[in-house]
Amino acid sequence: MLLCGAASSLATACGTKPEPRPMNVLFLMADDMRPELGCYGVEAVHTPNMDRLAADGVLFRNAYCNIPVSGASRASLLTGVYPRYPDRFINFSAYASKDCPQAIPISQWFTDHGYHTVSNGKVFHHISDHADSWSEPPYRNHPDGYDVYWAEYNKWELWMNSESGKTINPKTMRGPFCESADVEDNAYDDGKLAERTVRDLKRLKELGEPFFLACGFWKPHLPFNAPKRYWDLYRREEIPMPDNRYRPEGLPEQVRNSSEIYAYARVTDTSDIEFQREVKHGYYACLSYVDAQIGKVLNALDELGLADNTIVVLLGDHGWNLGEHNFIGKHNLMDRSTHVPLIIRVPGMKKGQTESMVEFVDLYPTLCELCGLPLPEGQLSGQSFARVFDDLEARTKEEVYIQWEGADNAVDRRFSYTQWMEKGEKVAEMLFDHQIDPEENRNRAGEAEYESKIKSLSSFLEEKKESTLTDPKQPEKR
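Notes on the structure in this doc start here. (Residues numbered from 1 in each chain as written. Predicted model: local features only at pLDDT ≥ 70, side-chain atom pairs only at ≥ 80, totals over all residues. Heavy atoms only, no water.)

## Looking at empty space enclosed by the protein
In step 1: For the structure shown, the criterion picks out 4 cavities of 30 Å³ or more.
In step 2: Approximately 250 Å³ is the volume found for the largest cavity.
In step 3: Its residues assigned to classes, the lining of the largest cavity shows 9 nonpolar, 5 polar and 5 charged. (1 Å grid on protein atoms, 1.4 Å probe; cavity = no way out; pocket = protein on both sides within 12 Å on 5 of 7 lines; lining within 4 Å. Points joined across faces, edges and corners; volume = space filled by probe spheres on them. Nonpolar A, V, L, I, M, F, W, Y, C, P; charged D, E, K, R; others polar.)

## Notes on the packing of aromatic side chains
In step 1: Enumeration over the complete set of coordinates arrives at 17 aromatic pairs.
In step 2: With a centroid separation of 5.2 Å and an interplanar angle of 80 degrees, the aromatic rings of Tyr82 and Tyr401 are classed as edge-to-face. Taken as a pair, Tyr82 in the loop between helix 3 (70-79) and helix 4 (106-112) and Tyr401 in strand 12 (residues 400-404) lie far apart in primary sequence, 319 residues in all. Neither residue differs from the other here; Tyr82 and Tyr401 are each classed as buried.
In step 3: Members of the aromatic cluster, joined through ring pairs, are Phe27, Phe110, Tyr115, Trp134 and Phe212.
In step 4: Sitting over the face of the ring of Tyr264, Arg174 holds its NZ or CZ atom 5.1 Å from the ring centroid.
In step 5: Above the plane of the ring of Tyr139 lies Arg196, whose end atom (NZ or CZ) is 4.1 Å from the centre. (Phe/Tyr/Trp six-rings, centres within 6.5 Å; stacked < 30°, edge-to-face > 60°. Helix = DSSP H or I, 4+ residues; strand = E, 2+ residues; numbered from the N terminus. Buried < 20%, exposed > 50% of the residue type's maximum accessible area, 1.4 Å probe, protein only. Lys NZ or Arg CZ within 6 Å of the ring centre and 35° of its normal.)

## Here's the deal with helix 2 (residues 48-55)
In step 1: Among the residues of helix 2, Asn49, Met50, Leu53 and Ala54 are the ones counted as buried. Looking straight down helix 2, one finds that the buried residues subtend no more than 145 degrees of arc, so they occupy a single side. Relative to its buried face, helix 2 has exposed residues pointing more than 90 degrees away, namely Pro48 and Ala55.
In step 2: Residues of helix 2 that are buried in the fold lie against strand 2 (58-64), helix 7 (273-303), strand 7 (310-316) and strand 10 (339-345). (Arc of directions from axis to C-beta. Contact = heavy atoms within 4.5 Å.)

## Some remarks on the side chain of Glu36
In step 1: Looking at the secondary structure, you find Glu36 in the loop between strand 1 (24-30) and helix 2.
In step 2: In this structure the side chain of Glu36 is engaged in a polar contact, spanning 2.7 Å, whose partner is the side chain of Tyr284.
In step 3: Every residue in contact with Glu36, bar those within four places of it in the chain, is listed here: Val42, Val45, Lys280, Tyr284, Leu287 and Arg336. (Polar contact = N/O pair within 3.5 Å; in protein donor to acceptor, adjacent residues only side chain to side chain.)

## Structural notes on the sheet that holds strand 15 (residues 425-433)
In step 1: The sheet built from 4 strands is open, its strands ordered 12-13-14-15 with antiparallel pairing. Sheet topology places strand 12 and strand 15 at the edges, where each strand pairs with a single neighbour. Taken over all neighbouring pairs, the strand axes of this sheet differ in orientation by 20 degrees on average, direction set aside.
In step 2: In this sheet, strand 15 lies alongside strand 14 (residues 415-422) in antiparallel orientation, the contact comprising 8 bridges. In the sheet register, Gln419 faces strand 15, and the bridge partner there is Glu429. (Pairing = 2+ DSSP bridges. Axes fitted to C-alpha atoms, helices over the stretch in contact; angles between N-to-C directions.)

## A few points about the packing of helix 2 against helix 7
In step 1: Running from N to C, helix 2 and helix 7 point in directions that differ by 50 degrees, and their axes come no closer than 7 Å. Here helix 2 lies oblique to helix 7, going by the angle between them. Facing Pro48, Asn49, Met50, Arg52 and Leu53 of helix 2, the residues of helix 7 in contact are Leu287, Val290, Asp291, Ala292, Ile294, Gly295, Leu298, Asn299 and Asp302.
In step 2: When the residues that make up the contact of helix 2 with helix 7 are grouped by side-chain class, the tally is 8 nonpolar, 3 polar and 3 charged. (Parallel < 35°, antiparallel > 145°, perpendicular 65-115°, else oblique.)

## A word on the sheet that holds strand 5 (residues 211-217)
In step 1: Strand order across the open sheet formed by 7 strands is 3-5-1-7-10-2-11, with mixed pairing between neighbours. Because the sheet does not close on itself, it has two edges, and the strands there are strand 3 (116-121) and strand 11 (352-359). Going from strand to strand, the sheet's axes swing by 15 degrees on average, the running direction of each strand aside.
In step 2: Of the pairings in the sheet, the one linking strand 2 to strand 11 comprises 6 bridges and is parallel in character. Among the inter-strand pairings, Val58 is bridged to a residue of strand 11, identified as Gly352.
In step 3: Along the sheet face, helix 5 (residues 189-207) touches strand 3 and strand 5 and points at about 175 degrees away from the line of strand 5.
In step 4: Across the sheet, helix 7 is in contact with strand 1, strand 5, strand 7 and strand 10; its angle to strand 1 comes to roughly 170 degrees.

Rendered as structure tokens:
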């Protein structure tokens, strides 16, 4: 599938066949964004710009990350390769280790095939990860501002409200987990990032080359800091809370709550309903804030006349728990941590919603096919789902594969099955039947009626584990 721009009037007038004009790619990412958007049926949240993109593109209802943590998820999706064992998870720098030949990131592949590639904000986890694969040095407002001390108060100006400085976590020196500051959008990094990306769109149009522009917004990642106007969109007492604020029946002990939020100040009992309300209020405020920044970029794309020749991809790098099972954060294999929003608009192609199962490693080959590029030989773990844009009912695969801390997870349209292995022996497992238990409140593993399904999904996991442990034939290191 090769997508081209319209023929030039000069070529038409001369009766000659114009050269195909390659599609641009605008690749928008948000950190820790689960499918808690209006277009996913969540009426309580205000996300008009992402909803607008979904109405004009394809919304994927069954999209999943391959590992529920930012650095590894990004390394995996941007190289198109599954997380690998026996490592805990893949290297942020994507396969530079001795037992893992380095993969070619999508940025390098598009650069090598005539695209001008740009990285703004948090795309790869670290600004140094594959920095030389882009046409120009990656941009961040604070280029050295994502080291181990990135949230130390107020080293990188994450907090804008002077009150925030009155509560500091003495162990980490981080400020509070949220703030509502009466400031303009560009006081925080995501506002600056949107302005930079708009300027780059203008510059790239003038450059006249096909472009791959990646823009990685920081929110709604902790701390939940957003301008007051976005907090004011919500009445805290009216924000709906989950009705399953308890541990699922039969959940293996290996499944734990994330400890990430404890690194911030003003965190006490995370199971308290009022604390969870404040968390959700902050998360929603950040969602609406990043939605507004995405809207500025999409508006610029329209105003510059680039929308008709630009594929737009919008995703969150993994999910997040907001009080379900009294969990706050990611770092587990529950559906709320692995299920992601994915919206793709391809000019001239289908629009609507699809139930097709897709996983992040599928993005690389899909964008290659849509842009008429070959695939790097022997590297990619995923498969293209480009035919979905011709047929929203297309079924591209039956299951997706997810990993986390020694566990393997298979998800299909009805079930989510996870197993933990030690020395070749299964030590724990969980199965959720989403048809009768969409909120995952009861582990069905061990129930006789599901034996055949567990056997089938176990076989799928064994095949996936074997393929990730076996190094594929890969191109030379770059």
